[in-house]
Amino acid sequence: SAKTPQPELDAITAESKTFGDMLILDAPETPQLITENTRYSNFTKRGRGMPTFKQYAFFQHAAHRYSTVPFVAKYDDDSLPNFRLIVPLLQRYRCALADMPR
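Attention here is on the structure that accompanies the text. (Residues numbered from 1 in each chain as written. Predicted model: local features only at pLDDT ≥ 70, side-chain atom pairs only at ≥ 80, totals over all residues. Heavy atoms only, no water.)

## A short note on the overall build of the protein
- The secondary structure content of the protein amounts to 4 helices and 0 strands.
- Going residue by residue from the N terminus, the α and β elements of the protein occur as α-α-α-α.
- Expressed as a percentage of its 102 residues, the buried residues of the protein come to 11%.
- Residue pairs at least 24 apart in sequence account for 31% of intrachain contacts in the protein once pairs closer than 6 positions are excluded.
- For the protein, the accessible surface area stands at approximately 8900 Å², while carbon and sulfur atoms represent 55% of it. (Helix = DSSP H or I, 4+ residues; strand = E, 2+ residues; numbered from the N terminus. Buried < 20%, exposed > 50% of the residue type's maximum accessible area, 1.4 Å probe, protein only. Contact = heavy atoms within 4.5 Å. Areas by Shrake-Rupley, 256 points an atom, 1.4 Å probe, with all protein chains shown as cover.)

## Observations regarding helix α1 (residues 6-19)
- Across its 14 residues, α1 extends 20 Å between first and last C-alpha, which sits within 8% of the 20 Å expected from 1.5 Å per residue.
- One or two steps after α1, the chain reaches Gly-20, where phi turns positive at roughly 60°. (Expected span 1.5 Å × (residues − 1).)

## Observations regarding a nonpolar patch on the surface
- Taken together, the side chains of Phe-59, Tyr-66, Val-69 and Val-72 present a nonpolar region at the surface, about 320 Å² in accessible area.
- Residue position: Phe-59 is located in helix α3 (residues 53-65). (Patch = residues over 30% accessible without salt bridge, like charges linked within 9 Å, V, L, I, M, F, W, Y side chains within 5 Å. Salt bridge = Lys/Arg side-chain N within 4 Å of Asp/Glu carboxyl O.)

## Observations concerning the packing of aromatic side chains
- The tally for this structure, following the rule as stated, stands at 1 aromatic pair.
- With 4.9 Å between their ring centres and 75° between their planes, Phe-58 and Phe-59 make a pair best called edge-to-face.
- Its relative accessible area of 38% is what places Phe-59 among the partly exposed residues. (Phe/Tyr/Trp six-rings, centres within 6.5 Å; stacked < 30°, edge-to-face > 60°.)

See the structure below:
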């Protein structure tokens, strides 16, 4: 985040380099770029509730870096999908996607 204190950001970067367990992308914060309230928040906040530029940067990175992977997901530390429900759903779509040109 643009609001992360530099010492904390340095520690995160060092951990990422040591363990390779984090992806750090340079992407702007949505409220810094959106200067007017949006319909996503019923016009009460700037960009609240809409996909962020950080999310967009992640999916761009994933599409480029993992172009042969049929499914990519992003979720936060406070939520996880129900894999018992989602895996069978994704398996149904796997064959259709496998036939798509790359």
